[in-house]
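Given next are the chains, with one letter for each unit.
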Amino acid sequence: MQYTDKVLEHFRNPRNMGQIENADGCGEVGNPVCGDMMRITIKIDDETETIEDIKFTTFGCGAAIASSSVLTELIKGKTITEALQVTNMDVVEELGGLPAIKVHCSVLAENAIVAALYDYYQKHPQKEIPLELEKRAKALETAAADD
Ligand code: FES
């Protein structure tokens, strides 16, 4: 399997790895097929709805580590609305590509941020959740329930 230099670099030197204490949102997702798991914690400015900090931990493969690392870089400093535009394909592009059988690792990263943002809104019921986020989070829950 051929990984790009960028994948290898992020795998060896992951950015934003760890966990935020007292996080505003936390998302945990897993892939039932490969068994890999990912956890993302976020710090959000309630006023501007900007993602001030984001960290990940992954019990997973090298592509999952590289995907989460790149995703956190892409999302840090963005508003929630902007972050929702970032998809796993942006992660794949940023990494210079992933082998076809490893694309699901980038999906895991995308799902983890959706779950973390959803958790933020669950903890802030006074805020109106973006429709797009609600749809995607519900789809994740349904998929998890079907496993
Ligand atoms: Fe499953 Fe990479 S092999 S996340």
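What comes next concerns the included structure. Every chain is numbered on its own, with residues counted from 1 as its sequence reads. Per-residue local features of the predicted model are confined to residues with pLDDT of at least 70, and side-chain atom pairs are confined, for both listing and counting, to 80 or more; whole-chain, interface and lining totals are unaffected and use all residues.

1. Notes on the overall build of the protein
- Strands here are runs of E lasting at least two residues and helices are runs of H or I lasting at least four, both read from the DSSP assignment and numbered beginning at the N terminus. Regarding its fold elements, the protein presents 6 helices and 3 strands.
- For 147 residues, the compact-globule estimate of 2.2 N^0.38 gives 15 Å, and the C-alpha radius of gyration of the protein, at 14 Å, lies within 12% of that figure.
- Its C-alpha atoms put the protein at 50 × 35 × 25 Å along the principal axes.
- Backbone-placed C-beta atoms define the burial measure: a residue is buried with 20 or more other C-beta atoms within 10 Å of its own, exposed with 12 or fewer, and partly exposed in between. In the protein, which comprises 147 residues, the share counted as buried stands at 37%.
- A separation threshold of at least 6 residues defines the contact pool for the protein, and within that pool the share at least 24 residues apart is 60%. The atom set for the radius of gyration is the C-alpha atoms, and the globule formula is 2.2 Å times the number of residues raised to the power 0.38. Contact between two residues is assigned whenever their backbone-derived C-beta positions fall within 7 Å.

2. Quick look at the pairing of strand β2 (residues 37–45)
- Note: two strands are recorded as paired if DSSP finds a minimum of 2 bridges between them. Sheet topology places strand β1 (residues 25–30) next to β2; 6 bridges connect them, and they run antiparallel. For G27, the partnering residue across the bridge sits in β2 and is I40.
- The antiparallel hairpin formed by β1 and β2 contains 6 residues in its connecting segment, where G35 sits at a positive phi of about 85°.
- Here β2 pairs with strand β3 (residues 50–59) via 9 bridges, running antiparallel.

3. What about the nonpolar core?
- The term nonpolar core refers to a set of buried Ala, Val, Leu, Ile, Met, Phe, Trp, Tyr and Cys residues connected through C-beta atoms within 7 Å. Core analysis: the largest hydrophobic core is formed by 35 residues, its most contacted members being M38, I40, I42, A112, I113, A116 and L117.
- Those elements giving two or more residues to this core turn out to be β2, β3, α2 (62–75), α3 (80–83), α4 (88–94) and α5 (103–123).
- Among the elements that take part in this core, α5 stands out by supplying 11 residues, more than any other.
- With residues near it in sequence (within four places) discarded, I40 still touches G27, I54, F56, A112, I113 and A116.

4. Comments concerning the sheet that holds β2
- Spatially, β1-β2-β3 is the arrangement adopted by the 3 strands of the open sheet, whose pairing is antiparallel. Both outer strands of the open sheet, β1 and β3, are each paired with one neighbouring strand and no more. Geometrically, the sheet is characterised by an average inter-axis angle of 15° between neighbouring strands, direction not taken into account.
- Across the sheet, α2 lies against β2 and β3, angled at about 175° from β3, the strand it touches most. The axes are straight lines fitted to the C-alpha atoms, using for helices just the contacting stretch, and the angles between their N-to-C directions are given from 0 to 180°.

5. Things to note about unusual backbone geometry
- In this structure, N22 takes a positive phi of about 50° despite not being glycine.
- Among the secondary structure elements, N22 is positioned in the loop between α1 (5–12) and β1.
- According to the C-beta neighbour criterion, N22 is exposed, with 6 such atoms within 10 Å.
- Even without being a glycine, E49 presents a positive backbone phi close to 55°.

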